[in-house]
Amino acid sequence: MGNDSCSSTSTAWKILGRRIFFRLLIFSFLWYALAGSDKASWLLGVPAVLLVTAMSLWLASSSSLNIHLLAVFRFIPFFLHQSLRGGIDVMHRALSFQQLLDPGLVFYTTLLAEGSARILFVNCISLLPGTLSAELKGDQVTIHTLDQGMPVWANIQRLEYHVAALIGRTTGNKKSL
Amino acid sequence: MTILYHSGTFFIGIGLLFFLSGTVGLIRFPDIYTRLHALTKADNIGLGFVVCGLSLQSGNWAVIVKLLLIWLLVLIASSASCHLIASSGMEKKIKPWTRP
């Protein structure tokens, strides 16, 4: 992943510069939000922001992911909507007088490459309505579902599509692989 | 101001309903996996509504950023720990409850 974007050193430097710039921006903003407008707080803030930026680059150095901002803005409403549906679904099943559960296991092979994207995908499965990621072995995800009558596969494929779009990939047609 | 305050109270009330249903699910659901469903989903969205309500009442952007940050961190922690509990359940060969 990311090997194709490192064809020349100048683009590699540009990408590194962009990553540093965005991290500095985000962490400075966070410091400002946490510490308030007192200028003296930057005495500690500047070293903290620099340290966190360095740590973040060091910890994430193995995955040179290129996050697409537009996809992030598309992911957030999708995520919120699915979380709301998941919450309402659980509320309905928990408070109903009848027994509405028909749990079972579903096995899914993900097309996402190993690393941050796959981990985000597995964590988000637990927030979709009626599904919970029970096990991850390589690209095999074992999913526990509350109701086997639900369209589990369709939901998960949609989530996978959205996560892939975050890093500028597409899951494409599953049959072609 | 009062409209913001009262709509905030409304959102917090909805959030508490989700927390309540998550707890009812935790008690009523039959096994470890289904209980995890109840806890993670209901509590995440419940906390989301509480954060929304408090943000409407706070009237200060720094407080809102802090609240959203808390929500994000709780989302990450709860979905990761949910996955870890479920996978250790699978490792211990705990059979999921199925409909008789």
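Residues numbered from 1 in each chain as written. Chains lettered and ligands numbered in written order. Predicted model: local features only at pLDDT ≥ 70, side-chain atom pairs only at ≥ 80, totals over all residues.

Asks: I keep staring at the overall build of chain B and nothing clicks. Help me out?
Replies: Counting its secondary structure elements, chain B contains three helices and zero strands. Its helices and strands in sequence order give chain B the pattern α-α-α, from N to C terminus. Relative to the 2.2 N^0.38 estimate, which gives 13 Å for 100 residues, the radius of gyration of chain B is 17 Å and therefore markedly larger than a compact globule would have. Summarising its shape, the C-alpha atoms of chain B cover approximately 55 × 25 × 15 Å along the three principal directions. Burial status across chain B gives 32% buried among its 100 residues. Long-range contacts, defined here as pairs at least 24 residues apart, represent 69% of the contacts in chain B between residues at least 6 apart. (Helix = DSSP H or I, 4+ residues; strand = E, 2+ residues; numbered from the N terminus. Rg over C-alpha atoms; globule rule 2.2 N^0.38 Å. Buried ≥ 20, exposed ≤ 12 C-beta atoms within 10 Å, placed from the backbone. Contact = placed C-beta atoms within 7 Å.)

Asks: Explain the interface of chain A and chain B to me, please; I cannot follow it from the model alone.
Replies: It is common to give the size of an interface as the accessible area that goes away when the parts come together. Counting residues at the interface gives 28 residues for chain A and 32 residues for chain B. Taken together, the elements giving at least two residues each to the side of chain A that touches chain B come down to helix 1 (9–35), helix 3 (69–95), strand 1 (104–109), helix 4 (116–125), strand 2 (131–137) and strand 3 (140–145) of chain A. At nine residues, helix 3 of chain A tops the list of elements feeding residues into the side of chain A that touches chain B.

Asks: What am I meant to see in helix 1 of chain A here?
Replies: At 3.6 residues per turn, the α-helix brings residues three or four places apart onto the same side. A rise of 1.5 Å per residue sets the reference length of helix 1 of chain A, with its 27 residues, at 39 Å; its end C-alpha atoms lie 38 Å apart and thus fit the reference within 8%. Just past helix 1 of chain A, the residue Gly-36 of chain A takes up positive phi, approximately 90°. (Expected span 1.5 Å × (residues − 1).)

Asks: How do you make sense of the pairing of strand 2 of chain A when you look at a structure like this?
Replies: Each regular strand displays side chains that alternate between the two surfaces of the sheet. Residues and elements named next belong to chain A. Relative to strand 3, strand 2 runs antiparallel, the two sharing six bridges. Across the sheet, Leu-136 pairs through a bridge with Val-141, a residue of strand 3. If you look at the hairpin formed by strand 2 and strand 3, you'll find two residues sitting between the two strands, and Gly-138 has a positive phi there, around 65°. (Pairing = 2+ DSSP bridges.)

Asks: Sorry if this is basic, but what is going on with the confidence of the model for chain B here?
Replies: Close inspection of predicted coordinates is inappropriate in any region flagged by low pLDDT. All names here are of chain B. In the predicted model, chain B carries a mean pLDDT of 92, and 99% of its residues have values of at least 70. Here helix 3 (residues 61–91) stands out as the element of chain B with the lowest mean pLDDT, 92, in contrast to helix 1 (residues 2–28), whose mean of 94 is the highest. The ipTM value of the predicted complex is 0.89, and its pTM value is 0.85. (pLDDT = per-residue confidence, 0-100.)

Asks: For this particular structure, what's the right way to read the packing of helix 3 of chain A against helix 5 (residues 152–166) of chain A?
Replies: Each pair of packed helices can be summarised by the angle the axes make with each other and by the distance between the axes. All names here are of chain A. At their nearest, the axes of helix 3 and helix 5 sit 8 Å apart, and the two run at 150° to each other. The pairing of helix 3 with helix 5 is recorded here as roughly antiparallel in orientation. Considering how the two elements wind past one another, helix 3 and helix 5 form a crossing that is left-handed. Where helix 3 approaches helix 5, its residues Ala-71, Val-72, Arg-74, Phe-75 and Phe-78 are matched on the opposing element by His-162, Ala-165 and Leu-166. For the contact of helix 3 with helix 5, the per-class residue count stands at six nonpolar, one polar and one charged. (Axes fitted to C-alpha atoms, helices over the stretch in contact; angles between N-to-C directions. Parallel < 35°, antiparallel > 145°, perpendicular 65-115°, else oblique. Left-handed = near helix turned anticlockwise from the far one by under 90°. Nonpolar A, V, L, I, M, F, W, Y, C, P; charged D, E, K, R; others polar.)

Asks: Help me understand the sheet that holds strand 3 of chain A in this model?
Replies: Two modes of strand pairing occur in sheets, parallel and antiparallel, and in both the strands are linked by backbone hydrogen bonds. The strand order across the open sheet built from three strands is 1-3-2 (chain A), with neighbouring strands paired in antiparallel fashion. A single partner strand is all that each edge strand has here, and the edge strands are strand 1 and strand 2 of chain A. Across the sheet, the mean angle from the axis of one strand to that of its neighbour is 25°, orientation sign disregarded. Bridge count between strand 1 of chain A and strand 3 of chain A: six bridges; the pairing is antiparallel. Looking at the pairing, Val-106 of chain A lines up with Ile-143 of chain A of strand 3 of chain A. Along the sheet face, helix 4 of chain A touches strand 2 and strand 3 of chain A and points at about 145° away from the line of strand 2 of chain A. Sheet strands in contact with helix 3 of chain B are strand 2 and strand 3 of chain A, and its direction is about 65° off that of strand 2 of chain A.

Asks: What exactly am I supposed to notice about the packing of helix 4 of chain A against helix 5 of chain A here?
Replies: Residues and elements named next belong to chain A. One way to put it is that helix 4 packs onto helix 5 with a least axis distance of 10 Å and a crossing angle of 145°. Every pair of crossing elements has a handedness; the one defined by helix 4 and helix 5 is right-handed. In contact with Ala-117, Leu-120, Phe-121, Cys-124 and Ile-125 of helix 4, helix 5 contributes Ile-156, Leu-159, Glu-160, Val-163 and Leu-166. Of the residues belonging to the contact of helix 4 with helix 5, the class tally is nine nonpolar, no polar and one charged.

Asks: Please explain unusual backbone geometry as it appears in this structure.
Replies: Only a minority of non-glycine residues have a phi that is not negative, and only a minority of peptide bonds are not trans. Residues and elements named next belong to chain B. Positive phi values are uncommon outside glycine, yet Lys-93 reaches one of about 60°. Mapped onto the secondary structure, Lys-93 falls in the segment after helix 3. What makes Lys-93 exposed here is the crowd of 6 C-beta atoms within 10 Å.

Asks: In this structure, what is going on with the nonpolar core? I would like to understand it.
Replies: Within soluble globular proteins, side chains that are nonpolar generally end up buried alongside one another. Of all hydrophobic cores here, the largest spans 24 residues; its most connected members are Phe-121, Cys-124, Ile-125, Leu-132 and Val-163 of chain A. Breaking this core down by element, the ones donating at least two residues are helix 4, strand 2, strand 3 and helix 5 of chain A together with helix 2 (32–58) and helix 3 of chain B. Judged by nonpolar contacts, the second largest core, of 15 residues, contains Met-91 and Leu-101 of chain A together with Phe-11 and Ala-42 of chain B. (Core = buried A, V, L, I, M, F, W, Y, C linked by C-beta atoms within 7 Å.)

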